[in-house]
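Reading the structure
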Amino acid sequence: MMQLLAGDIGGTKTILRLVQSGTNPQETLHEQRFVSGDYADLVPMVKDFLAAVSNAQPQAACFAIAGPVVNNRSQLTNLAWSLSGDRIADELGLKTVELINDFAAVGYGVLGLTSDDVCTLQSGTHDDQAPIAIIGAGTGLGQGFLINCGGQYQVFPSEGGHADFAPRSELEFQLLHYLLDKHSISRVSVERVVSGQGIVSIYQFLRDRNFATESEELAQVVRNWEQGAGKRSELPDPAAAISKAATVDRLAGRTMEIFIDAYGAAAGNLALKLLPYGGLYVAGGVTAKNMPLIRDGSFLTAFSHKGRVGPLLDNVPIHLVTNQSVGLIGAALRAGQLA
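What counts as what
Residues numbered from 1 in each chain as written. Predicted model: local features only at pLDDT ≥ 70, side-chain atom pairs only at ≥ 80, totals over all residues. Heavy atoms only, no water. UniProt positions renumbered as here; feature names shortened; annotations may be inferred. Core = buried A, V, L, I, M, F, W, Y, C linked by side-chain atoms within 4.5 Å. Buried < 20%, exposed > 50% of the residue type's maximum accessible area, 1.4 Å probe, protein only. Helix = DSSP H or I, 4+ residues; strand = E, 2+ residues; numbered from the N terminus. Contact = heavy atoms within 4.5 Å. Polar contact = N/O pair within 3.5 Å; in protein donor to acceptor, adjacent residues only side chain to side chain. Axes fitted to C-alpha atoms, helices over the stretch in contact; angles between N-to-C directions. Parallel < 35°, antiparallel > 145°, perpendicular 65-115°, else oblique. Nonpolar A, V, L, I, M, F, W, Y, C, P; charged D, E, K, R; others polar. Salt bridge = Lys/Arg side-chain N within 4 Å of Asp/Glu carboxyl O. Phe/Tyr/Trp six-rings, centres within 6.5 Å; stacked < 30°, edge-to-face > 60°. Lys NZ or Arg CZ within 6 Å of the ring centre and 35° of its normal.

- Going by what an unreviewed UniProt entry lists, the protein chain is known as Glucokinase and is assigned to Adonisia turfae CCMR0081.
- Taken verbatim from the UniProt record of the protein chain, the Catalytic activity (unreviewed entry) comment is "D-glucose + ATP = D-glucose 6-phosphate + ADP + H(+)".

Following this line, the structure appears as structure tokens:
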């Protein structure tokens with residue numbers, strides 16, 4: 001057995017976890033949350049983390065990065081950190097360090113989930129040799145897939161969230177044109193609708209077309225967010241406020257109905273491309289916060305509403321990920337593979 005280091009690195013917060021390999025699931029020895037901006041680089045943060053643990057001797061590390069990773073290097077989007085896996089390994093005295101995209105970490109993480117970490121939306125017919133698909137709405141819309149290669153899965157992230165948004169009704173066509181005009185753009189990606197930002201955009205669309213009277217409480221949250229460009233991370237999350245009010249507020253409720261339908265349709269599109277009979281895992285913060293709405297039936301209806309090929313999707317196992325540490329789990333599992 002050996003010690004492994006995993007990290008989930010974001011512009012606002014970073015979570016580090018030290019685990020013991022050789023157990024299933026891996027045993028967590030220590031975990032700590034840091035304010036990313038308090039440090040000039042990841043290395044001093046890791047040193048502080050390890051100093052708090054007696055006999056901490058990790059041999060390999062994997063860090064999930066909220067941003068692009070190329071050749072084991074990453075320039076964080078919302079943080080003045082320029083990271084290199086090789087440099088971090090040298091400065092920390094580790095055998096190997098790998099940087100991976102945060103949604104790739106989710107891909108590895110689904111392999112380490114237990115039945116307590118998921119809510120099965122559709123049992124389907126599981127096939128170990130078929131691909132596994134992952135999709136997750138959060139800040140954007142992450143997508144990816146896993147392929148079984150001789151008993152070991154390889155994880156492949158994708159940029160499927162930037163595919164075109166495909167309206168399926170007159171209302172969604174109106175939403176498309178609203179977003180084109182509002183942002184003065186020539187195309188709309190699916191993540192402009194299926195994401196936390198998408199929830200706000202749908203709300204604005206309905207509000208600006210006077211679908212229903214806006215409550216003063218929600219109006220204030222959304223207005224502050226609209227006027228707070230540049231410091232939105234410090235403001236209450238309007239998407240969370242809208243989803244929380246969905247059961248008591250007509251405008252918020254219709255917003256979430258449109259969002260859940262579009263989310264299910266996007267998941268169904270991914271499933272058509274991959275036929276992931278190994279399972280489709282729906283992750284992301286928006287998923288975990290809106291579990292009752294996703295389970296009410298409209299997500300699954302939109303997922304399988306694919307015309308004559310719709311029945312192909314009835315056999316896809318669909319699992320909603322409830323464990324918000326799935327990325328950390330994945331980074332630790334990947335560190336174990338590297339070691």
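Having seen the model, we can carry on.
Structural notes on the nonpolar core
- Counting residues in each nonpolar core, the largest one holds 55 residues, and the members touching the most others are Ile 135, Val 194, Phe 259, Tyr 263 and Leu 280.
- No other element matches the twelve residues that helix H8 (residues 250-274) contributes to this core.
- Look past the residues within four positions of Val 194 in its chain and what remains in contact with it is Ala 137, Gly 140, Leu 141, Phe 259, Ala 262 and Tyr 263.
- Counting 30 residues, the second-largest nonpolar core is a separate cluster that includes Ile 100, Leu 113, Ile 329 and Ala 332.

Regarding the side chain of Asn 323
- Here Asn 323 shows up in the loop between strand S13 (318-321) and helix H12 (326-338).
- There is a polar contact of 3.0 Å between the side chain of Asn 323 and the side chain of Asp 117.
- Those residues in contact with Asn 323 that lie beyond four places of it in its chain are Leu 113, Asp 117 and Ile 329.

What about the packing of helix H4 (residues 170-183) against helix H5 (residues 196-208)?
- At a closest axis distance of 10 Å, the pairing of H4 and H5 adopts a crossing angle of 100°. Relative to H5, H4 is oriented roughly perpendicular. Together, Leu 171, Gln 174, Leu 175, Tyr 178, Leu 179 and Lys 182 of H4 and Ser 201, Ile 202, Gln 204, Phe 205 and Asp 208 of H5 make up the contact between the two elements.
- Grouping the constituent residues of the contact of H4 with H5 by class yields six nonpolar, three polar and two charged.

Considering the UniProt feature "binding site: ATP" (unreviewed entry) in the protein chain
- Residues annotated by UniProt as "binding site: ATP" (unreviewed entry) correspond here to Gly 7, Asp 8, Ile 9, Gly 10, Gly 11 and Thr 12.
- In this structure, Gly 10 sits in the loop between strand S1 (3-9) and strand S2 (13-20).
- Looking at where Gly 11 falls in the secondary structure, it is placed in the loop between S1 and S2.
- The class of Gly 11 is partly exposed, set by a relative accessible area of 30%.
- What Gly 11 contacts, discounting residues up to four positions off in sequence, is Ser 36, Asn 78 and Leu 79.

Examining the pattern of salt bridges
- In the structure shown here, the tally under the stated rule is nine salt bridges.
- For the salt bridge of Arg 87 with Asp 41, the shortest nitrogen-to-oxygen distance reads 2.9 Å. You can see Arg 87 sitting in helix H2 (residues 85-92) and its partner Asp 41 sitting in the loop between strand S3 (27-35) and helix H1 (42-51), a full 46 residues away along the chain.
- On the accessibility criterion, Asp 41 (14% relative accessible area) is buried.
- Residues Arg 87 and Glu 91 are paired through a salt bridge, measuring 3.3 Å at the closest nitrogen-oxygen approach. Residue Arg 87 and its partner Glu 91 are both found in helix H2; the two are separated by four residues, about one turn of the helix.
- With a relative accessible area of 39%, Glu 91 lands in the partly exposed category.
- Linked by salt bridges that have partners in common, Asp 41, Arg 87 and Glu 91 make up one network.

So, the packing of aromatic side chains
- One pass over the structure, following the stated rule, counts six aromatic pairs.
- When the ring of Phe 34 is compared with that of Phe 49, the centres are 6.5 Å apart and the planes differ by 70°; the resulting orientation is edge-to-face. In this pair, Phe 34 sits in strand S3 while Phe 49 sits in helix H1, placing the two residues 15 residues apart along the sequence. Per residue, the accessibility class of Phe 34 equals that of Phe 49, and both read buried.
- Judged by centre distance (5.6 Å) and plane angle (50°), the ring pair of Phe 259 and Tyr 263 falls under tilted. Placement of the pair is Phe 259 and Tyr 263 together in helix H8, with a separation of four residues, close to one helical turn. The pair Phe 259 / Tyr 263 is uniform in exposure class, with both members buried.
- Lying over the aromatic face of Phe 211, Arg 250 brings its terminal NZ or CZ to 4.7 Å of the ring centre.

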